[in-house]
Every structure is written in structure tokens, then in C-alpha cells.
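The primary structure of each chain is shown beneath.
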Amino acid sequence: MTATYITTTIPYVNARPHIGHALELVQADVLARYHRRCGDTVRFQAGTDDNALKNVLAAGAAGLGVREFVDRNAEAFGALGGALSLSVDDFIRTSRDPRHRPGVEAFWRACSPDLYRRQYTGLYCTGCEQFYRPAELRDGRCPEHGTEPEQVSEENWFFRLSRYAAPLREAITTGRLRIEPAARRNEVLGLIDGGLADFSVSRPADRAGGWGIPVPGDPGQVVYVWFDALCNYVTALGYGQDGPARDEAYRRWWAGPGNRVHLLGKGVLRFHAVYWPAMLLASGQQLPTGIFVHDYLTAGGRKISKSGAGSPAGGPGALEPAALAAECGADAVRWWLLREVPRVGDADFTVARLVARADDELANGLGNLVNRVVAMIGRYRDGQLPPAPGHHAASGGDRLAAACRQAGDAVGAALENFDFRQATAAVWSIVDEANGFVNRARPWELARTGPGGDSRRLDAVLAQLLGACSVLGRELTPFLPGTAARVTAQCTPGADGRLPGPRPVFRRLAQRARSAPAAGLDAEEPQQEQQHEGADDRPDDPDQVEAVNAERVVLDEVLQETPDEGAENAQHDGAEDPDGVPAGQEQPSDSAGDEADDN
Ligand SMILES: [Zn+2]
């Protein structure tokens, strides 16, 4: 079994999480769930960068103590695990996790032949927490933040990055360290070829307000926050600690032959693809095997402020992923991120787009399909599974059969290439083909007793459609764990051998949210409507099916459903993914220890 270690970056916690953070977490979760289903042993790690200098500054601006401020925001990041149905195995907080500091100290000592002290004067961007060379600035301003860096002169520790240009180049060009997309790989090669200057890896402790990890043997300096933060990928595995924890976790996930994959945004590429591999080489460790770089989200056409303060249109909290998930369901948020964000290029998020995508595809496309199929089997076959088609494979169903057959491989190939949009499109072709097949095959006519009726063909059509729904339940699991579990439940006969009655697998979100302000799904009181679930309402033609399924679901129901969704995830993952930590049950904690490795 391949060991696959998947990490997100650890965001600094100078503000609460925004939708941009959700993108990386959801992408990583899809990979983790997918690899578990493939039989890999998987460790999915996230966390927070508590030690950033900008946390200190933001706490001061908020009039709070650094500890209180950092804890409060870090908790909001930890809570994303439950809110977004993330199968996180471990969540590390760099200021509180007892594994982190000894690991950073050991890492520092292991790099010490490449560390030296010198006086340095340079242009420093606090937003980036890095020095810039004048040539790297855009009109004298930080290319990330658009702010003017300040001139800082101080004595720091430096890392001899210049020594590592050749080995880094070799690792990247041979594919030992894979960087995707290719444009990012070329960007890194360009940085290397442009000459790697040694970089500063400490700050005077007084400038950092005493926050951070003191440099071993030089307590007047604290370890540069990027050096500190990057170490999380191995400190959480027990690096630098004595005893069996390091032997087991570190060897399995980092020192072994498996996959070590980092997901990150384009703004931190240099740190992950140049500094971090050089630090690993200097300390005698293995490199990551893969680095996947995503672009940024904008919101309503505006850049999401790095400080988190600029949530457009909706005021504070408008783009908080946990709030969105509470209102729309985790799967609706996940679906937008996976289905609409391209592999290359920025994407613009609005609540209206999220709602439209979920209603059109999950409620109408998928929900209608599953509901129609289950309802027809209930009505025409009393809920009994139709006999498998055999030679009487439903004619006209070739394209659907092909979509079902190819989906698994297509998803695998797309995810191998970190292309989430292509992966979801491969699954989605089943929905499109199946809905088209229903409309062409017209089972409600085959069910007639008189002319046009054809019981054998009806069996074949229904069997193929139910098979397609089962494939959807399976293939959607990494992407939409809650919805996939409901689809699978609809396709699974009970003890009496009958399928359950049709129930919505995805409830339509309030239509009015499309015109409501961001996160304003509750802007108006939704109209109350009854949910019909009785057998008498089983539809037998497309128009009636539409009438049943297009019911506008009130927000209250969506909200009430959220805990159930978590429970279903747990059940489903428990059945299929013995390695999975059931969503909603993970306990992001500082001292999760290494129990999480035992899978
Ligand atoms: Zn900056």
C-alpha cells in the first residue's frame, strides 16, 4: 500500500478564514479521500501558522493579547474541518503544538553548516514577511500586496541558499520533485536560473514582540516565520523528537517511498518550491514528491483581501466558508470550488454562482435523476431491483454505459493531474447521459400494459439507470461525501429487498438567494412548502418528476439537515474508507499525537 501524505499550507491567523482558504482545503480533501478509496494509506494534514509577525501586528490593531487573538482565529480555521466535511487526519498549530518547537530547533541545528550571521539592510514587506530585492518590486511596491516595503536594517541569521541551485534544478527537471501546473514549474526554474541569494532565517526577538521560536543558542533572535512554518510538514510527523513517534510517523510519511504532496497558492510558491526543498537538502531529508499550485479566488470581482478585512458586499463574515456551508451545505460549497475553479487562472466567487451551480446540477441534474429512477422502480417494480440486463442491454444506452465505465479512470487521470474541474466533469457526464437516456427510452411508455409497453426492455432500462446511479454514488464520494452517501442509500435495497422510497438527495437552495446579497440567503423568509415523500406521489413522467423535485426547500430544512449530513458521511466513510476519519468527528487538536497515523 502506498503511503500518501497530503498537506495544505498553514495560513497565518491574522484574520478569520475566507473562501480562498476553503479552496485549498477542499482540493486536498478530495485527493485524500480519493487516495484512501484507491487503497493508499493517507495522512491529510492542515494547520495554522500562529507565529507570523503579522499576527502580532493584527492583535495589536484589534486591541487584544497575541495569545487570545491567535487562539480565537486559529479555532475558526480548525472548525473548517467539520464545516466543510474535511477528512483531516491531523491539524497542527505552530504556537501550541508540543511537537512543533523541538522539531524546528532540531531542523535548525541540522541546517547549521549552512547558517551564518550577518548585518543586512533590505526592503521588507510585513505582509509577505520577506525581504525583496528592488528588481522584484513592481513600481517600488510589493507584487503581492501593492504596499511599499519598509527599509529594515538588522543583524540576522542567513541560510546559504546559493549552494542549492544545482541540486534543486536537478530535482525539478528530472521530475523527482514534480511541480504543477507547468507554468509554475517554469517559474521556479526561472527563479533558480536568475540566481538564488541567501535568505534571512531569523529576526531580532524584540521586533517580533517576543513571539516566535528563539534561535537555538541565540535567544536574541527568533526563527524566521517562514522557516518555522515550513517545518510543520515534518514536525507534525515527529521530526526532531526522540523515540518511537519519529520512527513510525516520520519514517512512514516522509522518509519512506510514498507520495509527499503539498498544495499551495501561487503567492507562496518560492517558499515551497525553493526555500523548503533547499532546507530539506541541507538537513539531509527527502524532498516532497509533488507540489500543486492553485491560483486565487476573487469575490464579486474583487481581490479577497489578504488581511481578511475586505469581504466584499456582505460585511464581516460574508465570505466565511463555515457560514456559507451552514447556510448552503458543505457539498454546495465544495461543488462550486471543484466544478468552477480552473486548474490555471483565477476564478470569481459569488454566492449567487454557488447557489445556481448547486441548484442546476445537484438538485436538478443529479437529484432529479436519482429521484426519477428510484421512483420508477418503486412504481413499476414495487421497489424490487430489476434483473440485470444481460443480453437485453438497454438499447440506446451505449453512451451512458461508456460514461459509467470510463468515469473511474477519467477521475483518476484528472486528479493525478490536479485537475478538479476535469474530474468532476467526468462524473458529470454520467448524469447528463443518464438524464438523456431517460428522456429517449421513455420508461413510462414501456410500462404501459397496452401498445408501446415492453416489460423486458423496461427492466433493462431501469437496471441500467440504477447501475448508473450506483456508479455516481461511488464516484462522487471524494467530491461530495454527504450527497454521495445519500445517492448510495437510495440505490441500496433494504432488508426486504426493496429500494427505499424516493427522498431528495440534494435539497434545492432558496432561489431568491441568487439576488440576495452575499451570504444573504436569509434575507427573506422563505416560503414554507411541504416535502412530499409518500408513495402516491411517485412520478412517472418527466414533468411530474420535475414538479416533485423542483420544490423550493426552505432554508430551515437545509440547516436542520447539516448534522445528519455529517452522520451520513461518517457511516459512509466507515463502510468504504477504513482509513478515513469521519467528517464531523475529526478533532483538530494541538496534541492529536500520532494515533492518527495508525491507519
Ligand atoms: Zn507583500
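For clarity, every value in this text was computed on a predicted model and none was experimentally measured.

### A closer look at the sheet that holds strand β14 (residues 297-299)
Sheet architecture is open: three strands sit in the order β15-β14-β16, paired in mixed fashion. Here the strands that pair on one side only, and so sit at the sheet edges, are β15 (302-303) and β16 (347-349). With three bridges joining them, β14 and β16 adopt parallel strand pairing. In the sheet register, Ala299 faces β16, and the bridge partner there is Phe349. Where helix α13 (residues 330-340) meets the sheet, its contacts fall on β14 and β16, and the angle it forms with β16 comes to roughly 160 degrees.

### Re the coordination of the zinc ion
For a metal bound by four donors in a tetrahedral arrangement, the ideal donor-metal-donor angle is 109.5 degrees, while six donors in an octahedral arrangement ideally sit at 90 or 180 degrees. Each protein donor to the zinc ion is listed here as Cys125 (SG), Cys128 (SG), Cys142 (SG) and His145 (ND1); together their distances run 2.1 to 2.3 Å. Every donor counted, the four donor atoms about the zinc ion form angles of 97 to 119 degrees at the centre, which fits tetrahedral coordination. In terms of primary sequence, the donors binding the zinc ion are separated according to C-x2-C-x13-C-x2-H. Taken together, the residues span a long stretch of sequence, with Cys128 in the loop between β4 (115-125) and β5 (130-132) and Cys142 in the loop between β5 and β6 (150-159) at a distance of 14 residues. Residues Cys128 and Cys142 agree in their burial class; the two are buried.

### Digging into the state of the cysteines
Any covalent bond linking the sulfur atoms of two cysteines counts as a disulfide. Going through the model one piece at a time under the given rule, you end up with zero disulfides. Sulfur of Cys231: no disulfide; nearest cysteine sulfur belongs to Cys111 and is 7.4 Å away. Judged by relative accessible area, Cys231 falls into the buried class, the value being 0%. Considering cysteine sulfurs only, Cys469 is the nearest to Cys404, which forms no disulfide, with 8.8 Å between them.

### Regarding helix α2 (residues 53-62)
Turning to α2, its buried residues number three or more, namely Leu53, Lys54, Asn55, Val56, Ala58 and Ala59. The elements touched by buried residues of α2 are α3 (66-78). In the segment just after α2, Gly63 is the residue with positive phi, at about 70 degrees.

### Looking at the pairing of strand β3 (residues 90-93)
Burial along β3 is two-sided: Asp90 and Ile92 and Phe91 and Arg93, pointing in opposite directions, are all buried. Pairing of strand β2 (residues 41-48) with β3, which is carried by four bridges, proceeds in the parallel orientation. Its bridge partner lying in β3, Ala46 is registered against Phe91.

### Let's talk about the packing of aromatic side chains
Tallied over the entire structure, the rule returns 22 aromatic pairs. Here the aromatic rings of Tyr124 and Phe131 are separated by 4.9 Å at their centres, their planes lie at 70 degrees, and the arrangement is edge-to-face. Residue Tyr124 shares its accessibility class with Phe131, and that shared class is buried. Residues Trp254 and Trp276 carry aromatic rings whose centres are separated by 6.1 Å and whose planes lie at 65 degrees to one another, so their mutual orientation is edge-to-face. Of the two residues, Trp254 is situated in helix α10 (residues 244-255) and Trp276 in helix α11 (residues 269-282); the sequence distance between them amounts to 22 residues. With respect to class, Trp254 is no different from Trp276; both count as buried. Site record: aromatic cluster; members linked through ring pairs are Tyr5, Phe107, Trp108, Trp157, Phe227, Tyr233, Tyr239, Tyr250, Trp254 and Trp276. Over the face of the ring belonging to Tyr12 we find Lys54, whose NZ or CZ atom lies 3.7 Å from the ring centre. Lying across the ring of Tyr124, Arg207 places its NZ or CZ 4.8 Å from the centre.

### Quick look at the nonpolar core
One recurring pattern in soluble globular proteins: nonpolar side chains tend to sit buried together. Counting residues in each nonpolar core, the largest one holds 104 residues, and the members touching the most others are Ile19, Leu366 and Phe479. Counting residues per element, this core draws most heavily on helix α14 (residues 351-381), at 14 residues. Contact partners of Ile19, with chain neighbours within four places excluded, come to Leu297, Ile304, Leu319, Pro321, Leu324, Val333, Leu337 and Phe349. Listed in part, the 63 residues of the second largest apolar core include Val104, Ile213, Ala249 and Leu269.

### Some words on the pairing of β2
In terms of residue burial, β2 counts as a mostly covered element, since eight of its eight residues are buried. Neither face of β2 is left uncovered, since the one carrying Thr41, Arg43, Gln45 and Gly47 and the one carrying Val42, Phe44, Ala46 and Thr48 both have all their residues buried. Considered for its hand, the β-α-β crossover made up of strand β1 (residues 3-7), helix α1 (residues 19-37) and β2 is right-handed.

### Comments concerning the side chain of Thr483
Relative to the elements of secondary structure, Thr483 occurs in helix α19 (residues 481-490). On the basis of relative accessible area, Thr483 is assigned to the buried category, the value being 0%.

### Observations concerning the side chain of Asn55
Structurally, Asn55 can be placed in helix α2. Judged by relative accessible area, which is 0%, Asn55 ranks as buried. A polar contact is formed between the side chain of Asn55 and the backbone oxygen of Asp49, at a distance of 3.1 Å. A distance of 2.9 Å separates a polar side-chain atom of Asn55 from the backbone oxygen of Asp50. Those residues in contact with Asn55 that lie beyond four places of it in its chain are Tyr12, Val13, Asn14, Asp49, Asp50, Phe69 and Val70.

### Some details on the pattern of salt bridges
In the structure shown here, the tally under the stated rule is 39 salt bridges. Residue Glu68 is joined to Arg72 by a salt bridge in which the shortest nitrogen-to-oxygen separation is 3.0 Å. Here Arg72 and Glu68 lie together in helix α3, a separation of four residues that amounts to about one turn. Between Asp295 and Arg184 there is a salt bridge, with its nearest N and O atoms 2.9 Å apart. Placement of the pair is Asp295 in the loop between β13 (290-294) and β14 and Arg184 in helix α7 (residues 182-193), with a sequence separation of 111 residues. Exposure class is identical for Asp295 and Arg184. Each is buried. If you follow the salt bridges from partner to partner, you end up with Asp50, Arg67, Asp71, Arg93 and Arg96 in one network.

So, how was this worked out
Residue positions are counted from 1 within each chain, in the order its sequence is given. Residue-level local features of this predicted model are given only where pLDDT is at least 70; pairs of side-chain atoms are given and counted only at 80 or more, and the full residue set underlies all totals for whole chains, interfaces and linings. Side-chain metrics in this entry use all non-hydrogen atoms of the structure; hydrogen atoms and water are not considered. Here, strands pair whenever DSSP counts at least two bridges between them. In this description a helix means any DSSP run of H or I spanning at least four residues, a strand means any run of E spanning at least two, and both kinds are numbered starting from the N terminus. In this analysis, two residues are considered to be in contact whenever any of their non-hydrogen atoms come within 4.5 Å of each other. Between the N-to-C directions of two axes lies an angle of 0 to 180 degrees, each axis being a line fitted to C-alpha atoms and, for a helix, fitted only over the stretch in contact. Note: metal donors comprise N, O and S atoms at 2.8 Å or less from the metal (3.2 Å for Na, K and Ca); water molecules are not included, so apparent gaps in a site are possible. Square planar and octahedral assignments, for four and six donors respectively, both demand that opposite donors be over 155 degrees apart and that all other angles lie between 65 and 115; tetrahedral needs four donors with all angles between 85 and 135 degrees, and anything else is irregular. Between buried and exposed lies partly exposed: a residue is buried under 20% and exposed over 50% of the maximum accessible area for its type, with that area taken using a 1.4 Å probe on protein chains only. Count a disulfide wherever a pair of cysteine sulfur atoms falls within 2.5 Å. Pairing of aromatic rings covers Phe, Tyr and Trp, the last through its six-membered ring, and needs centres within 6.5 Å; plane angles under 30 degrees mean stacked, over 60 mean edge-to-face, and all others mean tilted. A ring has a charge above it when a Lys NZ or an Arg CZ is no more than 6 Å from the ring centre and no more than 35 degrees off the ring normal. Working definition of a nonpolar core: buried Ala, Val, Leu, Ile, Met, Phe, Trp, Tyr and Cys residues. They are joined through side-chain atoms within 4.5 Å. Every crossover in which the path from the first strand over the helix to the second runs clockwise, viewed with the strands pointing away from the viewer, is termed right-handed. Nitrogen and oxygen atoms within 3.5 Å of one another constitute a polar contact, given that in protein one can donate a hydrogen and the other can accept it, and given that sequence-neighbouring residues count only through two side-chain atoms. Think of a salt bridge as a Lys or Arg side-chain nitrogen and an Asp or Glu carboxyl oxygen that are within 4 Å of each other.

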